[in-house]
Amino acid sequence: MTDLLLAIVHHLIVFGLAAVLAAELALMRPAAMSPPTVKLLGRFDAAYGMLSLAILVVGFVRVWYGAKGPDVYLHNHAFWGKIAAFAVVGLLSIQPTLRIAAWQKGLKADAAFMPPLQEVGKLRRLLLIEIHVFALIPIFAAAMARGIGYGAG
Ligand code: HEM
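About the cut-offs
Residues numbered from 1 in each chain as written. Predicted model: local features only at pLDDT ≥ 70, side-chain atom pairs only at ≥ 80, totals over all residues. Heavy atoms only, no water. Phe/Tyr/Trp six-rings, centres within 6.5 Å; stacked < 30°, edge-to-face > 60°. Helix = DSSP H or I, 4+ residues; strand = E, 2+ residues; numbered from the N terminus. Buried < 20%, exposed > 50% of the residue type's maximum accessible area, 1.4 Å probe, protein only. Donors = N, O, S within 2.8 Å, 3.2 Å for Na, K, Ca; no water. Tetrahedral: all angles 85-135°; square planar, octahedral: opposite > 155°, others 65-115°. Near = heavy atom within 4 Å. Polar contact = N/O pair within 3.5 Å; in protein donor to acceptor, adjacent residues only side chain to side chain. Nonpolar A, V, L, I, M, F, W, Y, C, P; charged D, E, K, R; others polar.

Asker: Please provide a residue-by-residue account of the packing of aromatic side chains, values included.
Answerer: In total, this model carries four aromatic pairs according to the counting rule given. With a centroid separation of 6.3 Å and an interplanar angle of 35°, the aromatic rings of F60 and W64 are classed as tilted. Separated by four residues within a single helix, F60 and W64 lie in helix α2 (residues 35-65), roughly one turn from each other. Taking the relative accessible area as the measure of exposure, F60 reaches 31% and is therefore partly exposed. On the accessibility criterion, W64 (45% relative accessible area) is partly exposed.

Right, here's the structure in full:
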């Protein structure tokens, strides 16, 4: 039962993360930038931070308290591939998060605040890379769930 509940919550958070990333990509366009969009980006990025923390906690709870036990994952290359991809996504999200937070300050100081459009374009490219690395995570997950990659010592 614990394993089933963890799996359900894990999947719901994963879909939430994918939705938030897609929303951020849709909003992060130089041509569509406006003060309300900056505000929305701030909200989505806060949700993204909370969901990332939640998947980290639920993911590791699954490793330790899931039906298979930790050894199955900790000795699996695909598991570590998944964790590495997750870490890369986290690293790629640092700059967008810092800039989106700075924009919120700009918006508080001036209701007509607009971020530099060149910066918006740069963050859009970063988000695109982030989403592609994110897509690797379920690929690793499907492999590890089937024992592919097991035997990492
Ligand atoms: C640190 C973060 C994470 C940890 C520790 C973690 C851990 C796990 C564990 C232990 C399972 C169970 C596999 C099994 O049934 O044997 C699992 C399944 C899964 N995870 Fe994660 N996960 C994390 C993040 C993510 C993220 C961010 C995604 C999606 C982008 C994701 C997608 C999946 C999918 C799709 C499955 C189901 C695989 C299948 O049954 O075919 N996980 N994860």
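Asker: Any chance you could break down the coordination of the iron atom of the ligand for me, citing the residues and the numbers?
Answerer: Only H10 (NE2) and K82 (NZ) from the protein coordinate the iron atom of the ligand, and they sit 1.7 to 2.1 Å from it. Geometry at the iron atom of the ligand is octahedral, judged from its six donor atoms and the angles of 83 to 176° they form at the metal. On the criterion of sequence distance, the pair formed by H10 in helix α1 (residues 2-27) and K82 in helix α4 (residues 77-109) is long-range, its members being 72 residues apart. For H10, a relative accessible area of 11% gives the class buried. The class for K82 is buried, based on a relative accessible area of 13%.

Asker: Give a detailed account of the site of the ligand, specifying residues and quantitative values.
Answerer: The full set close to the ligand counts 22 residues, and H10, K68, Y73, K82 and R146 are the nearest of them. Between an oxygen atom of the ligand and a side-chain N or O atom of K68, the distance comes to 2.4 Å. The side chain of R146 places a nitrogen or oxygen atom 2.8 Å from an oxygen atom of the ligand. Of all the secondary-structure elements, those providing two or more residues to the shell around the ligand are α1, α2, α4 and α5 (117-145). A per-element tally of the shell around the ligand places α5 first, with seven residues. In the shell around the ligand, the residues fall into 15 nonpolar, three polar and four charged.

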